[in-house]
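Coordinate inspection notes
Listed below, chain by chain, are the residues.
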Amino acid sequence: MKARVFVSFKPTVLDPQGQAIRGALNGLGHGSIAEVRQGKFFDIEIAPGAVREEAAREMDQIAREVLRRLSGGISGLNSMCGIVGYIGPRKAVPIILDGLKRLEYRGYDSAGLAVVENGSSSLAVRRASGKLRNLEEALKLNPVDGPYGIGHTRWATHGRPTEENAHPHRDCHGDIVVVHNGIVENYLALKRQLTQEGHRFVTETDTEVIAHLVEKHYDGNLENAVRDAVRQLTGVFALSVISGKDPNKIVAARSGPPVVVGLGDGEYFVASDVPAILSHTRDMFFLADGDVAVLTRDGVHLTDFNGRPVKRQVSHILWDPIMAEKGGYKHFMLKEIFEQPRAVRDTTLGRVGQESGRIFLDEMDISPRDFRAFRQVRIVACGTSWHAALAGKFMIERLARVPVEVDYGSEFRYRDPIVGPDTLTVVISQSGETADTLAAQREANKRGSKTLAICNVVGSMVMREAAGTLITHAGPEIGVASTKAFTGQLTALFLLAMHLGQVRETVDAKTSLRLVEQLLRVPAQLEEILRHDAIYEDLTKVLFRASDFLYLGRGIHFPIALEGALKLKEISYIHAEGYPAGEMKHGPNALIDENLPTVVLATCDPSDEMSRVLYEKTLSNIQEVKARQGMVVAVACDGDQEVGKVADHVIRIGVTHELLLPILEVVPLQLLAYHIAVRRGCDVDQPRNLAKSVTVE
């Protein structure tokens, strides 16, 4: 008699939706198990086909796999590797290395490349753990080059960050190599099957399974083998494959993480992000999920996973390649902070009528009648974009008088959201490829809600699947900690709020003119803030040794307090917490002493009655902090005489409309975080354990 085992798995703080549990079961060959969500437990019935002792061993194996997936920064839930490939008349290695350097911001712990050597069908692979300079040293000691190849920077999810586990990975005979971004959830089951068939594995990674699967299906045509292999994979992946047995081609496939294909003059490129290939071509397109691209010297051929031809629209990227360089700044983050006046100006350009005050959105499949018919707005985002969404809630509710809810992309689809045709779902993503946001967008689309994307990358997946898009013309953002993309998103949300208000007739012409007038002054006000960058160096001498920070704000300023706290902890590794200033008596007051710096957003729009009320209450909060010997750093508007009487340090910004103040007041918080991190010796552009785009759930 076969044993039947019932197990309840309780999700943890690290895995609130049980993703690691599901992935572990799937990877161990239990993908068909029925899962029942009951309260806070996952009740899973398995029939291991064995007696109690063997069932217990099976449970132990599942438990170990769950723990493995939760270790190393939620290993197996996130992976943000960099991929670069080239085929053409030039030497491939310098182009691949240059592309990988431009992807360093994504975060990585090892690197490697593979090329087919000149006049040969043999594959040469070079790999190294650590930074790219280690790979460059390996290439100096053992040079290699050829007309086409693929490269990779790895963020470890399966296997330690060693040279052995670095990509590219090979099949049994070394004739096929693969680079891969993502996670193969069923890799253990596939590995067991392939091992039984005689394949030999030499690494701890899930990627090696792909190389052996391609080898298994290879019959002389590489793209056919790749298509057969990817149909067996469960999970999300972006990959590129080359083979010495089927030369002069690169095969790329996508199911989740982004893949961009660049079109040059007799040469072609594949990468995981635009900056990697932007110095070589501005003409490119993103693969859609389920696409396979075959790059040869003659062009690019596209099919789906079943071999049916597909077409994708080519986009001309307007970014100047120099925009993706540091341009004399010490760090990308500092450069991008100083680019915010242009980012706001460019996001506004062509969308406002200076004489009429009217807002003109880009052409979209959402009509004025649709905008008038919406009964609610749902905004979905992750990370910094979520903070922009919270500020956008205040903007839309005030100007358009329609209720707004804000959701984390990672939570939205797991709670059976109530959205439908009367709901406008706004999805915000800098890259347009954030996995959780994209999944939420698809859930909203499935339920009949029209989606509007606020995005910084033309042609990205979020943009393609939306009924309309507001592009934030911020240009490439390389630093992991988002800055100019955030202010671009705030600007786009303000434009959307105004447009909704005008269409729904809740904002009159006089108010529109006044709002547009103040919006157009924001770039110059940002430039004025940035002219006083030196004050932060002096201020951080006092603050950089603190182990904790508290950020306070009221109303629309509370999301900016959250963003300021996030910036500080992202790049300086100091614990920081954003809190509504009105909630001080409900807990945070207990933390305040002379060792806790408190950053308070105490700005005010004197023409706005509610803003004046919140300002007075915020002054009271500052006095509460000072009564407990706390140190206060306040952000206040020019001309304010009151804040300086109670705060230890005051950072000044210009006066503008209450709904536009967040665009100005976040910049001092960005600069404060930056200078503290630099003084502490932190890697500002590549913080530990973080990556720019979270393209895998």
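Along each chain, numbering runs from 1 in the same order as the chain's sequence is written. Note on the predicted model: pLDDT of at least 70 is required for a residue's local features to be given, and 80 or more for side-chain atom pairs to be given and counted; whole-chain, interface and lining totals, by contrast, use all residues. Values reported for side chains reflect all heavy atoms of the structure, with hydrogen atoms and water molecules removed beforehand.

**Section: the packing of helix α11 (residues 384-400) against helix α18 (residues 558-572)**
- All axes here are fitted lines through C-alpha atoms, helices being fitted over the stretch that makes contact, and every angle between N-to-C directions spans 0 to 180 degrees. Numbering of helices and strands starts at the N terminus; helices are DSSP runs of H or I of at least 4 residues and strands are runs of E of at least 2. At a closest axis distance of 9 Å, the pairing of α11 and α18 adopts a crossing angle of 170 degrees. With respect to α18, the axis of α11 lies roughly antiparallel. Touching Thr384, Trp386, His387, Leu390, Ala391 and Phe394 of α11 are Pro559, Leu562, Glu563, Leu566 and Lys567, all from α18.
- Each residue belonging to the contact of α11 with α18 can be placed in one class, and the counts come to seven nonpolar, two polar and two charged. Should an angle fall under 35 degrees it is called roughly parallel, over 145 degrees roughly antiparallel, and 65 to 115 degrees roughly perpendicular, with every other angle called oblique. We call two residues in contact whenever any of their non-hydrogen atoms come within 4.5 Å of each other. Amino acids outside the nonpolar list (Ala, Val, Leu, Ile, Met, Phe, Trp, Tyr, Cys, Pro) and the charged list (Asp, Glu, Lys, Arg) are all regarded as polar, and Gly is one of them.

**Some words on the environment of Glu642**
- With respect to the helices, strands and loops of the structure, Glu642 is situated in the loop between β26 (631-637) and α20 (643-646).
- Of the residues examined, Glu642 reaches a relative accessible area of 38% and is grouped as partly exposed.
- Spatially, the C-alpha atom of Glu642 lies 9.7 Å from that of Glu616, the residues being 26 residues apart in sequence.
- Sequence-distant contacts of Glu642, defined by excluding residues within four places in its chain, comprise Tyr615 and Leu619. Throughout this description, buried means an accessible area under 20% of the type-specific maximum (1.4 Å probe, protein chains only), exposed means over 50%, and partly exposed covers the range between.

**Let's talk about the packing of helix α6 (residues 207-217) against helix α7 (residues 222-230)**
- Axis separation between α6 and α7 bottoms out at 8 Å; the angle between their running directions is 120 degrees. Judged on the interaxial angle alone, α7 and α6 are oblique. Remark: the crossing between α6 and α7 carries right-handed chirality. Contact residues: Leu213, Val214 and His217 in α6; Leu222, Ala225, Val226, Asp228 and Ala229 in α7.
- Per-class residue counts for the contact of α6 with α7 are six nonpolar, one polar and one charged. Two helices crossing with the near one rotated counterclockwise from the far one by less than a right angle form a left-handed crossing, whereas a clockwise rotation gives a right-handed crossing.

**Focus: the sheet that holds strand β22 (residues 468-471)**
- Strand order in the open sheet formed by five strands is β19-β18-β20-β21-β22, and the pairing between neighbours is parallel. Single-partner strands in this sheet number two, and they are β19 (404-408) and β22. For this sheet the average axis-to-axis angle between neighbouring strands, irrespective of direction, equals 20 degrees.
- When DSSP finds two or more bridges between a pair of strands, those strands are recorded as paired. As defined by bridge partners, strand β18 (residues 376-381) adjoins β19 across five bridges and the pair is classed as parallel. Bridged to Ile379 within β19 is Val406.
- With respect to the sheet, α11 is in contact with β18, β19 and β20 (423-429), its orientation differing from that of β19 by roughly 175 degrees.

**A short note on the nonpolar core**
- To form a nonpolar core, buried Ala, Val, Leu, Ile, Met, Phe, Trp, Tyr and Cys residues must be joined to one another through side-chain atoms within 4.5 Å. Ranked by size, the top nonpolar core spans 91 residues in total, and within it Phe371, Ile379, Ile396, Phe549 and Tyr551 carry the most contacts.
- Of all the elements, helix α21 (residues 661-679) adds the most residues to this core, at twelve residues.
- Residue assignment places this core across two domains, with domain 3 (330-529) and domain 4 (532-696) each supplying three or more.
- Residues within four places of Ile379 in sequence aside, it is in contact with Ala389, Gly392, Lys393, Ile396, Val404, Glu405, Val406, Asp407, Val426, Ile428 and Leu493. For the domains described, the bounds stem from an automatic or database domain assignment.

**Concerning the pairing of strand β10 (residues 235-243)**
- Within β10, seven of the nine residues are buried, which leaves the element mostly enclosed by the surrounding structure.
- Pairing of strand β9 (residues 176-184) with β10 involves nine bridges; the strand directions are antiparallel. The residue of β10 that forms the bridge with Val184 is Gly235.
- Summarising the sheet, β10 and strand β11 (residues 250-255) pair through five bridges and their orientation is antiparallel.

**Regarding the pairing of β11**
- Burial analysis of β11 places six of its six residues in the buried class, which makes it a mostly covered element.
- Here β11 shows a buried face lined by Ile250, Ala252 and Arg254 and a second buried face lined by Val251, Ala253 and Ser255.
- Adjacent in sequence and paired antiparallel, β10 and β11 are bridged by six residues, among which Asn248 carries a positive phi angle near 60 degrees.
- Bridge count for β11 against strand β15 (residues 291-296) is five bridges, and the pairing is antiparallel.

**Some thoughts on α21**
- With 19 residues, α21 extends 28 Å from end C-alpha to end C-alpha; this agrees with the ideal 27 Å at 1.5 Å per step.
- Burial analysis of α21 places 17 of its 19 residues in the buried class, which makes it a mostly covered element.
- Directly after α21, the chain includes Gly681, whose backbone phi takes a positive value near 80 degrees. Take the number of residues in a helix, subtract one, and multiply by 1.5 Å to get its expected span.

**A closer look at helix α17 (residues 534-543)**
- Within the sequence span of α17, burial applies to Tyr536, Leu539, Thr540 and Leu543. Down the axis of α17, the smallest arc covering the buried residues is 105 degrees, so these residues share one side.
- Looking at the buried side of α17, the elements it contacts are α16 (509-530), β23 (548-553), β25 (597-601), β26, β27 (649-653) and α21. The arc in question is the one traced by the directions running from the helix axis out to the C-beta atoms.

**Digging into unusual backbone geometry**
- Even without being glycine, Asn248 reaches a positive phi, approximately 60 degrees.
- For Asn248, the position within the fold is in the loop between β10 and β11.
- Classification of Asn248 as partly exposed rests on a relative accessible area of 43%.
- The backbone of Tyr573 shows a phi angle near 65 degrees, a positive value even though the residue is not glycine.
- Tracing the chain through its elements places Tyr573 in the loop between α18 and β24 (575-580).

**Remarks on the side chain of Arg127**
- Here Arg127 is to be found in strand β6 (residues 123-129).
- In protein, a polar contact requires one atom able to donate a hydrogen and another able to accept it; more generally it is a pair of N or O atoms within 3.5 Å, and residues adjacent in sequence count only if both atoms are side-chain atoms. Engagement of the side chain of Arg127 in a polar contact is seen with the backbone oxygen of Pro168, the distance being 3.2 Å.

**Examining the pattern of salt bridges**
- When a carboxyl oxygen of Asp or Glu lies within 4 Å of a side-chain nitrogen of Lys or Arg, that pair is called a salt bridge. Taken as a whole and assessed by the stated rule, the structure comprises 35 salt bridges.
- Of the charged contacts in the structure, one is a salt bridge between Lys249 and Glu223, with a shortest N-O distance of 2.7 Å. Here Lys249, found in the loop between β10 and β11, pairs with Glu223, found in helix α7; they are 26 residues apart in sequence, far enough to count as distant.
- Here Arg308 ties to Asp304 by a salt bridge, and the two come within 3.0 Å at their closest N and O atoms.
- Taken together, the shared-partner salt bridges in this structure form one network comprising Arg254, Asp289, Glu433, Arg442 and Glu465.

**Brief notes about the confidence of the model for the protein chain**
- Values of pLDDT, the confidence the predictor places in each residue, fall between 0 and 100. Counting all residues, the mean pLDDT for the protein chain is 84, and 84% of those residues have values of 70 or more.
- Per-residue pLDDT, averaged within each element of the protein chain, yields its smallest value for strand β2 (residues 35-38) (36) and its largest for strand β13 (residues 268-271) (97).
- Contacts from residues 27-57, a stretch scored under 50 in pLDDT, to residues over four places away or in other chains number 76 contacts.

**Some thoughts on the packing of aromatic side chains**
- Any pair of Phe, Tyr and Trp rings, taking the six-membered ring for Trp, is counted once the centres come within 6.5 Å. Such a pair is stacked with planes under 30 degrees apart, edge-to-face with planes over 60 apart, and tilted for the rest. Counted according to the given criterion, the structure contains five aromatic pairs.
- For the pair Trp386 and Tyr408, a centre-to-centre distance of 4.0 Å together with 10 degrees between the ring planes defines the contact as stacked. With Trp386 in helix α11 and Tyr408 in strand β19, the pair connects residues that are 22 residues apart, well separated along the chain.
- Here, over-ring charges are defined by two tests on the NZ atom of lysine or the CZ atom of arginine: distance to the ring centre within 6 Å, and angle to the ring normal within 35 degrees. Its guanidinium or amino end placed over the ring of Phe544, Arg679 lies 5.7 Å from that ring's centre, counting from NZ or CZ.

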